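# Secondary and tertiary structure notes
Take a look at the letters that make up each chain.
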Amino acid sequence: MFKITYKEEICPTIFAMKFSAPFVARNAKPGQFFILRVYEKGERIPLTIADYEKDEITAIFQTVGLTTYLLSYKDVGEYVSDIVGPLGTPSEIKKYDGSVVIIGGGVGIAPIYPIVREFKKLGNKVITILGARSKNLLFWEERFKNLADEVLITTDDGSYVIKGFVTDALKILIDRGEKISQVTAIGPPIMMRNVCNLTKPYNIKTIVSLNSIMVDGTGMCGVCRVEVGNETKLTCQDGPEFDGHLVNFELLFERLKMYQAEEKMIMNYLEEKRRILNAN
Ligand code: FAD
Ligand code: FES
Ligand code: MG
């Protein structure tokens, strides 16, 4: 059992939650994740370790389906039944001559935080691009401004700073002649694919963090398999970070839809139950 020590809805549908998990916190490295079960018979879901300090880990999650909703109903002082981690291969962090551009889109803004911190520790020039659908879904702006050399912000609807997508901000950097040694992009798979399509002709090394469906998270079930450079890889062990120019994104999109019918069915059932409860 792992205790919830902090909970905040940082913007609509997005929650920050801290768990007391000393082993995970003391061993975590940027780019790694953990697997959580809310209750003993529940499904396992992977969440990125968005921060780690002393005995606590922070997760930032968006409510998209049954398990993330159940987690959001939990309060400080309550427990989740399991946390396993840290899992996955940590990000490769090194000193570059040119700048490192780190992009977070949507809830993907959270996992880039420890990566930005480590690149800065090694003395890199780090430019961060944060993308959200709308201003009210943007979080941690100040946190990144205190850390990165430059922060560019985009909103799809133009409600804040640059109207457009993270690729528009990246194009601004490329067009102004910024010498970019590496781009890291974490966010919705379509965003990561679009970033790769933009950087490929410029031959800019681009790392993406894949969000394949996972079960055990330790390389045993094969559910998280992806195709990278025509080879089958396991996201939970070989990743989650891969060279984005080698990823077969079409296959990833297909595999993410694997349980969509069941996920939709359970959400419809929950909605119906909620409607009946509210009506009585
Ligand atoms: P469901 O309705 O069951 O699923 C909604 C969608 O989430 C599905 O269509 C599918 O694309 C995906 N999904 C469903 N089950 C799983 C599963 N077992 N494993 C992976 N994806 C699944 N989300 C965050 O909000 N914050 C994070 O920090 C974060 N980090 C992640 C790190 C990794 C390495 C991976 C692989 C995924 C991460 N995700 C993160 C995605 C998160 O795991 C899913 O949003 C969550 O599992 C959805 O579960 P659900 O029951 O609420 O929704
Ligand atoms: Fe089972 Fe990766 S989640 S092998
Ligand atoms: Mg689910």
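All residue numbers here refer to positions counted from 1 along the written sequence of the relevant chain. Written order decides the labels, with chains lettered from A and ligands numbered from 1. Given that this is a predicted model, residues contribute local features only at a pLDDT of at least 70 and side-chain atom pairs are listed and counted only at 80 or more, while totals for whole chains, interfaces and linings are drawn from all residues. Hydrogens and water are ignored here; the side-chain numbers use all heavy atoms of the structure.

Take the packing of helix H6 (residues 189–199) against helix H8 (residues 249–256) next. Axes here refer to lines fitted to C-alpha atoms; in helices the fit is confined to the stretch in contact. Angles between the N-to-C directions go from 0 to 180 degrees. Only runs of H or I of at least four residues qualify as helices and only runs of E of at least two qualify as strands under DSSP, and these elements are numbered from the N terminus. Axis separation between H6 and H8 bottoms out at 11 Å; the angle between their running directions is 180°. Considered as vectors, H6 and H8 are oriented roughly antiparallel to each other. Here Pro-189, Ile-190, Met-192, Arg-193 and Cys-196 of H6 lie close against H8, whose contacting residues are Phe-249, Glu-250, Leu-252, Phe-253 and Leu-256. Partitioning the contact of H6 with H8 into residue classes produces eight nonpolar, no polar and two charged. Angles are sorted into four bins: roughly parallel if under 35 degrees, roughly antiparallel if over 145, roughly perpendicular if 65 to 115, and oblique for all others. Two residues form a contact once any of their heavy atoms are found within 4.5 Å. By the convention adopted, Pro, Cys, Tyr, Trp, Phe, Met, Ile, Leu, Val and Ala count as nonpolar, Lys, Arg, Asp and Glu as charged, and the other residues, Gly among them, as polar.

Turning our attention to helix H5 (residues 166–175). Exposure categories follow from relative accessible area, calculated using a 1.4 Å probe and restricted to protein chains: below 20% of the type maximum is buried, above 50% is exposed, and the middle band is partly exposed. Looking at H5, one finds that the buried residues are Val-166, Thr-167, Ala-169, Leu-170, Leu-173 and Ile-174. The arc that holds the buried residues of H5, viewed along the axis, is 160°, so those residues lie on one side. Of the surrounding elements, those touching the buried residues of H5 are strand S9 (99–105), strand S10 (126–132), strand S11 (150–155), strand S12 (162–163), strand S13 (180–186) and H6. When we speak of the arc, we mean the arc of directions from the helix axis to the C-beta atoms.

This part covers the site of ligand 1. The rule for a residue being near a molecule or strand is that one of its heavy atoms must lie within 4 Å of it. As a structural note, the neighbourhood of ligand 1 is formed by 22 residues, with Glu-43, Pro-46, Ile-60, Thr-68 and Met-214 the closest of them. Separating a nitrogen atom of ligand 1 from a backbone N or O atom of Ile-60 is a distance of 2.8 Å. Contact between ligand 1 and Thr-67: an oxygen atom at 3.0 Å from a main-chain N or O atom of the residue. Taken together, the elements giving at least two residues each to the shell around ligand 1 come down to strand S4 (45–48), strand S6 (56–62) and helix H2 (66–72). It is S4 that contributes the most residues to the shell around ligand 1, four residues altogether. Residues belonging to the shell around ligand 1 are distributed by class as follows: twelve nonpolar, seven polar and three charged. We define a polar contact as two N or O atoms separated by no more than 3.5 Å, with the added condition that, inside protein, one atom must be a possible hydrogen donor and the other a possible acceptor, whereas residues neighbouring each other in sequence contribute only through side-chain atom pairs.

What follows concerns the pairing of strand S14 (residues 205–209). Along S14, four of the five residues are buried, which leaves the element largely enclosed by surrounding structure. The sheet contact formed by S13 and S14 spans four bridges and is parallel. Across the sheet, residue Ala-185 finds its bridge partner in S14, namely Val-208. Viewed along the sheet, the connection from S13 through H6 into S14 turns out right-handed. Strands are treated as partners if at least two bridges between them are detected by DSSP. Bridging between S14 and strand S17 (residues 241–243) involves three bridges; their strand directions are antiparallel. Following the sheet pairing, Ile-207 is matched in S17 by Asp-243. Handedness rule for crossovers: strands pointing away from the viewer, path from the first strand over the helix to the second running clockwise, crossover right-handed.

What follows is about the environment of Ile-14. The residue Ile-14 is located in strand S2 (residues 14–20) in this model. On the basis of relative accessibility, which here comes to 2%, the residue Ile-14 falls in the buried class. Each C-alpha atom, one on Ile-14 and one on Thr-63, is 6.6 Å from the other, the two residues being 49 residues apart in sequence.

With that out of the way, let us pick up the side chain of Ser-99. In this fold, Ser-99 is placed in strand S9. Accessibility expressed as a relative area gives 2% for Ser-99, which makes it buried. Here Glu-178 takes part through its side chain, which lies 2.5 Å from a polar atom of the side chain of Ser-99. The contact partners of Ser-99, leaving out residues within four places of it in the chain, are Lys-125, Ile-127, Glu-178, Lys-179, Ile-180, Ser-181 and Gln-182.

Where H5 contacts H6, the axes come no closer than 10 Å and their chain directions differ by 20°. Classified by the interaxial angle, the pair formed by H5 and H6 is roughly parallel. H5 and H6 meet at a crossing whose hand is right-handed. Of H6, the residues touching H5 (which contributes Val-166, Thr-167, Leu-170, Lys-171 and Ile-174) are Met-191, Asn-194, Val-195, Leu-198 and Thr-199. Here the contact of H5 with H6 is built from residues that sort into six nonpolar, three polar and one charged. Crossings are sorted by hand: turned counterclockwise from the far helix by less than a right angle, the near helix makes the crossing left-handed, and turned clockwise it makes it right-handed.

In short, geometric facts, not functional conclusions.
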